[in-house]
Amino acid sequence: MSAAARADTFPKLLIRNARLFADRPAYRHKDLGIWQVWTWGEVLAQARAYAAGLSRLGLQRGDTIAIVGSNRPRLYWSFMAAQMLGAVPVPVYADAVADELAFVLAHSDVRFAAVEDQEQVDKILSVSERLPKLAQVVYDEPRGLRDYDHSRLHAIDDVINDGREALAKDSALGQKLDREIEAGQGSDRSVILYTSGTTGQSKGVVLSAIGCINAASDTVAFDELDERDEALAYLPLAWVGDHYLNYAQALVSAFCLACPESTDTAMADMKEIGPTFFFAPPRVFEQMLTRVMIRMEDAGALKRRLFHAFLAVARRHGEKILNGERVPLVGRALYALGELLVYGPLKNVLGLSQVRIAYTAGEAIGPDLFSFFRSIGLNLKQLYGQTEAFLYLTAQPDGKIYSDTVGAVMNNVDLRIAESGEVQFKSPGQFVGYFKDEAKTAEAMTPDGYVKTGDAGFIDPKTGHLKIIDRAKDVGRLTGGALFAPKYIENKLKFYPNIREAVVFGDKCDFATAMLNIDLTAVGNWAERNNVVYGSYQELAAHPQVYEMLARHVEETNASLAQEQAMAGAQIKRFLILHKELDADDGEVTRTQKVRRSFVAERYRPLIDALYGGASEADISTEVTFEDGRKGVLSARVKIRDVATVPVPAAMEKAA
Amino acid sequence: MRAPHGAEIAAGDVLLAVEDVSLAFGGVKAVTGVSFDIRKGEIRAIIGPNGAGKTSMLNVINGFYQPQRGRITFKGKARAQMRPYEAALGGIARTFQNVALFKGMTALDNIMAGRTLKMRRGFFWQLIRVGPALTEEREHRHRVEQIIDFLKIQHIRKIPVGKLPYGLQKRVELGRALAMEPDLLLLDEPMAGMNLEEKEDMSRFILDVNDHYGTTIALIEHDMGVVMDLSDRVLVLDHGVKIADGTPAEVQADQAVIDAYLGVSH
Amino acid sequence: MLGPILETLIGGLLTGVLYSLVALGFVLIFKASGVFNFAQGAMVLFAALSFARLSEFMPLVIAFALAVLIMIALAYAIEFLVLRHLVNQDGIILFMATLGIAYFLEGFGETIWGSDIYKIRLGLPQNPIFILESVFPGGLLIDPSELIAAVICAAMVVLLAIFFQVTRVGRALRAVADDHQAAQSVGIPLNKIWLMVWAVAGMVALVAGMMWGAKLGVQFSLSLVALKALPVLILGGFTSIPGAIVGGLIIGAGEKLAEVMLAPVLIKTFDLAGGGIENWFAYVLALLFLLFRPQGLFGERIIERV
Amino acid sequence: MFYREVGQFKASYDADQAIFPIAQDRWFVIGLVVFAFVGVPLFAGQYLYTEVLIPVLILSIAAIGLNILTGYCGQVSLGTGGFMAVGAYAAYNLALRLPETNIILVFLFAGVMAMLVGLLFGLPSLRIKGFYLAVATLAAQFFLEWAFARVKWFTNYAPSGSVAVSRIELFGYPIDTPGKTYILVLAIVVVLTLAAKNLVRGRLGRMWMAMRDMDIAAEIIGIRPLHAKLSAFAVSSFYIGIAGALWAFLRLGSWEPLAFDVNRSFQVLFMIIIGGLGTILGSFLGAAFIVLVPIFLNQLPSWLGIPISTAMISHLEFMLFGAMIIFFLIVEPHGLARLWAIAKEKLRLWPFPY
């Protein structure tokens, strides 16, 4: 990959790919029933024509262009075309509500916008008075836009065709474009990613071209990705994960990127494509496992017994075989039989058969969930990073995998633990700063140039891998002095299929308490099989049998916490089940389902007081936004349950 | 006998004229002396209480029943005896009140069946299914996929229609009619038995069809709200007789129509 | 020349009566359950076989009673094992089920009753009688057993006509024929109705079987002859009892006349190896008739309401 | 369990509508055909050829023919025996009167003649439907059976009414051993099956199925009932005619009209009911079932040790067929083919139930 070193911007990488892998497939998109495919040569031609078209519409160096929509080839090409002209793409979440969109577009002084369909166009038009600088909007899906005012609105295909004709007619335009591409250097701003911070407004992380390319080249080498690999792009465009794994790594290693037909057919499309590289946040793996377990419960007795028998074999030998450790012949034979009968078909139905490398990140993954997927032969590894580092900081190398660490520090990354326990780093992919926000940039950096991650963790002496405990500012202490890491406890609770979300409190309190969200699919399925009648989510959440079941889960969690020396003190003494699901539209969780802890603590203050006040139930009424935007009030009486905790020798408690 | 394509009829001109048509089954007089016209590009609603002869009128236009009296001119050509497939050849497509789909076939095959008229390759080519036969199958499949995309039924492409919920079956039937690229589309209560959300979807599809493909639509519908929103002109039948014809507003104010619906005896 | 023709005509008409008796069985079941009972021919064979073997070692009347009981039991078995599971299936499936019943019955009948040819002696007068000697030299030969069969058949027809038009059960039968679900919804006990209909059809089959058995002897080909009832249905229409009678007479007479008059012509022109056209003539006659009146003589005109 | 569908995405409509879109199915069928051509001759004995393989293959062609007419187009026909007879005698007379014509041409001629007769007797289907049509096809059956027994020209004035076929050769290469006959029949079956599959997946197939499911709806989308029904009769009779010629030439050797009586029609109808109406696979499964059951029944007494007379066996055979028809119509109206499809679906979803 030495050639990549010379190409210091993504457009130059594209030109290199078109030269080296002209007729290899670069992009696929399932449309009109079949998979359309574009080779690297075709993608370069399309991107050049698109760039020519955009420049004729007035896009020049330094401008910013918003990109809003789900994973579509033309939207990926919008990145390339903009970067060719030296403009800076600003991807935004497709499901962002209008004023979130307006804030990002206004803040990043956007002059252009490349969007997916009529829905996004309408959103932009509804806030256009707040976007004076917005000159042109281009769209991919023409459906329903026929009779819109096309003075400042164009179909991307028209822009591309216009560009192609212009390039054909006057070759000077072509040379001007080449000069523009040549003019791009590593230090240019390559992209601005707005992070949906769990606290306060989202900030625009600016990443340099050479930073992105160097970071991507390291990981492509680390995992030996090449042009034969395939990946499915199904995560939001605006998330650093998608931009790194699907856009940057694709251009660096020239592997082929497949875009699904629509968001709800993504899993079926994944099965058709059979990607070799797969990334998913823990929540997706959780949902996959829950769906597997629920479907298996409805299977015939014979199949169920066979399934669980071989899962036991996998639990014993699976990971060792994957790590290449020694396994007795009998174990190996049984596992091979299991591969034919259970694991192979299971991976086939989930679309994971051809996955060579799978990563998970974004939040800590439950150990049992992690080892389940590894035991059936999926090479699942953890990585840790954040938008400000263009994703990768640490990653688990093949063979050395532990469920509770996030991997060894990547080469070329300098990572240290501050005395407050916070992880700090210097890395090639390090961000240039927050867009138009010098104050926040300074605040995020240490005087000697390290970037503060805001996460607390430590280097595990045994494995040399980094272990993340929690958000730095969330780690607290109980009044008795015991360490209290809410995230750590919540992950253990969330591993149970019946618990979808958990929020744990305990900082500066005598004991830890928890507020739980049931998983409607899992508990609903349990209710159906035990013919428990319920009318609504709220009624099921308050059902005594459900409380009984979740109480047992909390007790089991307490038992496992008791085994860990640092966490033993923070066992949960009382918990309740929330009457409604924590929802992004109510601002209780971020777009990627991370809990906004302080917001939730504020909103459910009466319940927390009841938890610590010893009451056995409490009333709560919260303002709720329904799907179609209407606001309403939802009130309920929530019961509180006490739970047994494992006694911990007093000495242990002080030690942490 | 390829009927002249509707091209030479400009939008707004009369596409179909029904002159003094009467139809009776033995003693039962379904339709008596009805005359009205449908102009190219408009959405023409036909309303009236149950048993007013709406569906019978549609069946006359579509060639199922031969009227005892009266004449029908379509695209400027008066036609005598007309079998349904001749109507189809001429560019008339229709859907049925209680869905007439081919239960044994998948949704995709049902819509592909709508392309039968447009496909040319003879028996021999289909036999060996190479070269021209394949390119034809490919082209028509592409056209059908655009319709599937248009009606947002990608996810039920390969499911036998017998297994689909009612709302989706209606959409597949609309898709099959569209596959015939008709000049005149007869919709027999496309929203019967649908909930509010499905009705909104279907209304949007009907508007999109009229707008996107420019298809003239004759629509039988009971839901006044829908009729008022969608149609350009409304024909009101009662006991087989025309009692009103005009814009939705005019018809709504017409006393005869109100009586018919409120059941004032004749 | 007229004499022999008249004689064959009368003979044909009498055979026709037997055809219509078999056809009655078809009409009964079709009218009551909408099922085109292909097994009616096999039921005739089965009934004849059981009666023939029973009458060998017991008086005729007891044999007849026993045979009736057997046919009722058979009807019960068919209803219980087959029809009950096929409610609401469309006509084609039910039609093929009766095909299965026909094959099963033939095999079953010959297994328990044996498969060679058995005579049925009904004690009917055998010697031919002659009528109209005055008009034709030597008079016209009439086989008395066929005459009696015709009388019995006429009695059966009147009985059934009354049964369908007048009695409450008759009306229920007509409702069931129209639409199984609708009939069930108004509380008509579908299974009981079918049981009774198949039992009555079984008895009609028994009478037909006895008549045919007396005439030709009971053997496997009897079920093929019973198949001849199908063209009768085509002519007479599936749902009308008078239609079945008139159709039977036409086919019976037509066949015999064709054998006498048409066959020699065909043999000469095509230099055939023998006539025997009656086994296809009935079908072709019915086919030609269908082309002009698809719903048969008396059947209602099928209006396809869309 | 054996299916690994991951990665088998379709990049073209041809691939999406291929006969076997899933690779595992394709390899299974290709393997099967190669085994049939190369594997079987290695171990097949004379009995296996003449009593099992050749009858099943020939009757499968007839079953495919009838399935096209009844399974795909919904027109019930009881005239299969008659149309097979037309094929047999047409082939016989052509081979008799023009001895050097290539055997393939003889079979094709048989198919074409049967097609013409099929069209003639298919005309009534335009005005009559369902049971009425079944009776009309019975007319064809009995008339043809009578004609071949009575018109001496067809049987070349043979006194006994039965005819025989002497040497058969293909491009000069004699087909005299059961092995060679098997290979010839197999080749014909493969070609005809592929052709049938293509027809059924294309425009004509959709027209037939539309007529079967709801003929008024078919008419409104521009399908002319005449075109649909007669094409089904024509193609069906063509296949049945070829099957008749093959049955006469390569299975019987010498035969009289009784070989193609009404029971033959019932037999083929049973095949497609038990095998599966409206499926090409069902025709093969049905043919195999109907041929193997009697053979199995004949071996039964020797296995169980109870002596059963041959007459009794034929009665048991009737009973068993009747019972099987009823059983299938109740349990699975779509026959063995649907059971096969369900089993395949379960394997694809393994280990999940849905």
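On a predicted model such as this, the values are computed, not experimentally measured, just so you know. (Residues numbered from 1 in each chain as written. Chains lettered and ligands numbered in written order. Predicted model: local features only at pLDDT ≥ 70, side-chain atom pairs only at ≥ 80, totals over all residues. Heavy atoms only, no water.)

Draft legend 1. Summary view of the overall build of chain A. From N to C terminus, chain A includes 23 helices and 28 strands. Taking 2.2 N^0.38 as the reference for a compact globule, 656 residues should give roughly 26 Å; the C-alpha atoms of chain A span a radius of gyration of 26 Å, in line with that estimate. When the backbone C-alpha atoms are referred to their principal axes, chain A occupies close to 80 × 60 × 55 Å. Residues classed as buried in chain A amount to 59% of the 656 residues present. Residue pairs at least 24 apart in sequence account for 65% of intrachain contacts in chain A once pairs closer than 6 positions are excluded. (Helix = DSSP H or I, 4+ residues; strand = E, 2+ residues; numbered from the N terminus. Rg over C-alpha atoms; globule rule 2.2 N^0.38 Å. Buried < 20%, exposed > 50% of the residue type's maximum accessible area, 1.4 Å probe, protein only. Contact = heavy atoms within 4.5 Å.)

Draft legend 2. Region of interest: the interface of chain D and chain C. Across the boundary between the two partners, chain D contributes 42 residues, which contact 51 residues of chain C. When the two sides are added together, the surface that chain D and chain C hide from each other amounts to roughly 4,300 Å², 80% of it contributed by carbon and sulfur. By the criterion of area lost to chain C, the three top residues of chain D are Phe131, Tyr132 and Trp146 of chain D, representing 17% of everything that side buries. Taken together, the links from chain D to chain C amount to zero salt bridges. In this structure, the connection of chain D to chain C is made through two residue pairs in polar contact (both at pLDDT 80 or more). When contributions to the side of chain D that touches chain C are tallied by element, the ones reaching two or more residues are helix H6 (130–150), helix H11 (262–275) and helix H13 (310–331) of chain D. Element by element, the count of residues in the side of chain D that touches chain C is highest for H6 of chain D, at 12 residues. Residue classes in the side of chain D that touches chain C are distributed as 34 nonpolar, four polar and four charged. (Buried area = accessible area lost by both parts, 1.4 Å probe. Salt bridge = Lys/Arg side-chain N within 4 Å of Asp/Glu carboxyl O. Polar contact = N/O pair within 3.5 Å; in protein donor to acceptor, adjacent residues only side chain to side chain. Nonpolar A, V, L, I, M, F, W, Y, C, P; charged D, E, K, R; others polar.)

Draft legend 3. Region of the structure containing the sheet that holds strand E27 (residues 617–625) of chain A. All names here are of chain A. In spatial order, the strands read E24-E25-E26-E28-E27; together these five strands make up an open sheet with mixed pairing. Unpaired on one side and paired on the other, strand E24 (499–505) and E27 mark the two borders of the sheet. Across the sheet, the axes of successive neighbouring strands diverge by a mean angle of 30°, strand direction being ignored. Where E27 lies against strand E28 (residues 631–642), nine bridges are found, and the strand directions are antiparallel. In the sheet register, Glu617 faces E28, and the bridge partner there is Lys639. Sitting on the sheet, helix H17 (residues 486–494) is in contact with E24, strand E25 (512–518) and strand E26 (572–577), with an inclination near 155° to E24. (Pairing = 2+ DSSP bridges. Axes fitted to C-alpha atoms, helices over the stretch in contact; angles between N-to-C directions.)

Draft legend 4. Structural detail: the interface of chain A and chain D. With 30 residues of chain A at the interface, the matching set in chain D holds 20 residues. Interface of chain A and chain D: buried area, both sides summed, is about 2,300 Å²; carbon and sulfur atoms make up 64% of it. It is Ile34, Arg295 and Lys303 of chain A in chain A that bury the most area against chain D; as a group they hold 27% of the surface buried on that side. For the interface between chain A and chain D, the tally reads zero salt bridges. Applying the counting criterion to the chain A and chain D interface returns 10 residue pairs in polar contact (both at pLDDT 80 or more). Of all elements in the fold, only strand E2 (34–39), helix H11 (266–273), helix H12 (282–297), helix H13 (301–323) and helix H14 (329–350) of chain A reach the threshold of two or more residues within the side of chain A that touches chain D.

Draft legend 5. Structural view of the packing of helix H10 (residues 229–236) of chain C against H6 of chain D. Between H10 of chain C and H6 of chain D, the least distance of the axes is 10 Å, while the angle of their chain directions is 130°. Our classification of the angle between H10 of chain C and H6 of chain D gives oblique. Regarding H10 of chain C and H6 of chain D, the two cross each other, and that crossing is left-handed. Only Tyr132, Val135 and Leu138 of chain D of H6 of chain D make contact with H10 of chain C, whose side of the interface consists of Leu230, Pro231 and Ile234 of chain C. (Parallel < 35°, antiparallel > 145°, perpendicular 65-115°, else oblique. Left-handed = near helix turned anticlockwise from the far one by under 90°.)

Draft legend 6. Quick peek at the domain arrangement of chain A. Residue and element names in this part refer to chain A. When the domains of chain A are assigned, the result is domain 1 (2–279), domain 2 (284–378), domain 3 (391–429 + 437–470) and domain 4 (476–642). Each of domain 1 and domain 4 has a C-alpha centre, and these two points are 40 Å apart. Counting residues at the interface gives nine residues for domain 1, matched by six residues for domain 4. Interface area for domain 1 against domain 4, summed over the two sides, is near 600 Å², with a carbon-plus-sulfur share of 53%. Our count for the contact surface shared by domain 1 and domain 4 stands at zero salt bridges. Linking domain 1 with domain 4 are zero residue pairs in polar contact (both at pLDDT 80 or more). Tallied by class, residues from the side of domain 1 that touches domain 4 come to four nonpolar, three polar and two charged. (Domains from an automatic or database assignment.)

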